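Observations on chain architecture
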Amino acid sequence: MFPPVFQTLKASADVKAIVGTNPPRIYRHGDAPQGVDRPYITWQLISGTPENNLSDAPPADRQTVQVDCWHQTDSGIEVLAEAVRDAIEPTAHCTGTIIDLRETETRLYRVGMQFDFWGR
């Protein structure tokens, strides 16, 4: 029912080199704990759509996920976003970069991408 976002990201050496390993700073529900070390990644399920048919249960679901990368520096956010995209692309399809900004309150750089996972 839920796509393997955390498992996919934590399996990437490039991602772990940036967000740590014990534990990796990768958080679900689009939210990170207050005061978490930086950089980090948040992700959330945006939608899930079954591939319905008339004769059987859906053989697969398309799950759209938003993955947000957060970093203290402009150059660092580009490296993190590329590592995340490269880690997920063998498993899912990147359908776009939807956020590229600097948060006014935290002063963190943020890049958000959407991915479509297909599976059961």
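Whatever comes next refers back to the structure up there.
Bear in mind the structure is a predicted one, so any value in this text is a computation, not a measurement.

Some words on the layout of surface pockets
Estimates place the volume of the largest pocket at around 280 Å³. Residue composition of the lining of the largest pocket, grouped by class: six nonpolar, five polar and four charged.

Concerning the packing of aromatic side chains
Within the structure shown, the criterion is met by two aromatic pairs. Taking the centre distance of 6.3 Å and the plane angle of 70° together, the rings of Tyr27 and Tyr40 count as edge-to-face. Here Tyr40 lies in strand S2 (residues 40-50) and Tyr27 lies in strand S1 (residues 26-28), a separation of 13 residues in the sequence. The exposure class assigned to Tyr27 is buried, which follows from its relative accessible area of 18%. Ring geometry for Tyr40 and Trp70: centres 5.8 Å apart, planes at 20°, overall stacked. Taken together, the residues span a long stretch of sequence, with Tyr40 in strand S2 and Trp70 in strand S3 (residues 61-71) at a distance of 30 residues. Residue class for Tyr40 comes out buried when judged on its relative accessible area of 10%. Take Trp70: its relative accessible area is 11%, and that puts it in the buried class. Ring pairs connect the aromatic residues Tyr27, Tyr40 and Trp70, which therefore count as one cluster. Here the basic side chain of Arg28 rests over the ring of Phe2, its NZ or CZ set 4.5 Å away from the ring centre.

Concerning the pattern of salt bridges
Pairing is possible between side chains of opposite charge, provided their charged atoms come close. Enumeration over the complete set of coordinates arrives at four salt bridges. Between Arg62 and Asp116 there is a salt bridge, with its nearest N and O atoms 3.6 Å apart. Residue Arg62 is found in strand S3, and its partner Asp116 is found in strand S5 (residues 109-119); the two are separated by 54 residues along the sequence. The partner of Glu103 in a salt bridge is Arg110, and the shortest N-O contact between them spans 3.2 Å. Through salt bridges with shared partners, one network takes in Asp68, Glu103 and Arg110.

Comments concerning the sheet that holds S1
Overall, mixed pairing links the five strands, which are arranged S1-S2-S3-S5-S4 in an open sheet. Edge positions in the open sheet fall to S1 and strand S4 (93-102), since each of these has one partner strand only. Neighbour-to-neighbour, the strand axes of the sheet open up by a mean angle of 25°, direction not taken into account. Inspection of the sheet shows S4 paired to S5 by eight bridges, in the antiparallel sense. Residue pairing across strands places His93 opposite Asp116, the latter belonging to S5. The strands that helix H3 (residues 74-88) touches are S2, S3, S4 and S5; relative to S5, the one it contacts most, it runs at about 5°.

Details of unusual backbone geometry
For the bond running from Asn22 to Pro23, omega is -15°, close enough to zero to count as cis. Checked against the element boundaries, Pro23 lands in the loop between helix H2 (13-19) and S1. Each neighbour pair has its own omega, and for Arg38 with Pro39 the value is 0°, a cis peptide bond. For Pro39, the position within the fold is in the loop between S1 and S2. Residue His29 is not a glycine yet carries a positive backbone phi of 70°. Mapping His29 onto the fold places it in the loop between S1 and S2. On the basis of relative accessible area, His29 is assigned to the exposed category, the value being 60%. The backbone phi angle of Arg107 is positive, close to 65°, even though this residue is not glycine. Within the secondary structure layout, Arg107 lies in the loop between S4 and S5.

Here is what the cut-offs are and how they apply
- Along each chain, residue indices are assigned from 1 in the same order as the chain's sequence is written.
- The predicted nature of this model means local features are confined to residues of pLDDT at least 70 and side-chain atom pairs, given and counted, to a pLDDT of 80 or more, with totals for whole chains, interfaces and linings taken over all residues.
- As a rule here, side-chain values come from all non-hydrogen atoms in the structure, and water together with hydrogens is ignored.
- Using only the protein atoms, space was sampled on a 1 Å grid; points where a 1.4 Å probe fits but cannot get out form cavities, open sets with protein on both sides within 12 Å along at least five of seven lines form pockets, and lining residues are those with an atom within 4 Å of a point.
- Grid points are joined across faces, edges and corners, and a volume is the space filled by probe spheres set on the points.
- Side-chain classes are defined by residue name, with Ala, Val, Leu, Ile, Met, Phe, Trp, Tyr, Cys and Pro counting as nonpolar, Asp, Glu, Lys and Arg as charged, and the others, Gly among them, as polar.
- Note on aromatic pairs: the rings of Phe, Tyr and Trp (six-membered ring only in Trp) are paired at centre separations within 6.5 Å, and the planes decide the class, stacked below 30 degrees, edge-to-face beyond 60, tilted for the rest.
- Only DSSP runs of H or I with at least four residues qualify as helices, and only runs of E with at least two residues qualify as strands; both kinds are numbered from the N terminus onward.
- For the exposure calls, accessible area comes from a 1.4 Å probe over protein chains only, and a residue counts as buried if that area is under 20% of its type's maximum, exposed if over 50%, partly exposed in between.
- By definition here, charges over rings are those cases where NZ of Lys or CZ of Arg is within 6 Å of the ring centre and within 35 degrees of the ring normal.
- Should a side-chain nitrogen of Lys or Arg be within 4 Å of a carboxyl oxygen of Asp or Glu, the pair is scored as a salt bridge.
- We call two strands paired when DSSP finds no fewer than two bridges between them.
- Between the N-to-C directions of two axes lies an angle of 0 to 180 degrees, each axis being a line fitted to C-alpha atoms and, for a helix, fitted only over the stretch in contact.
- Contacts between residues were defined by any pair of non-hydrogen atoms, one from each residue, lying within 4.5 Å.

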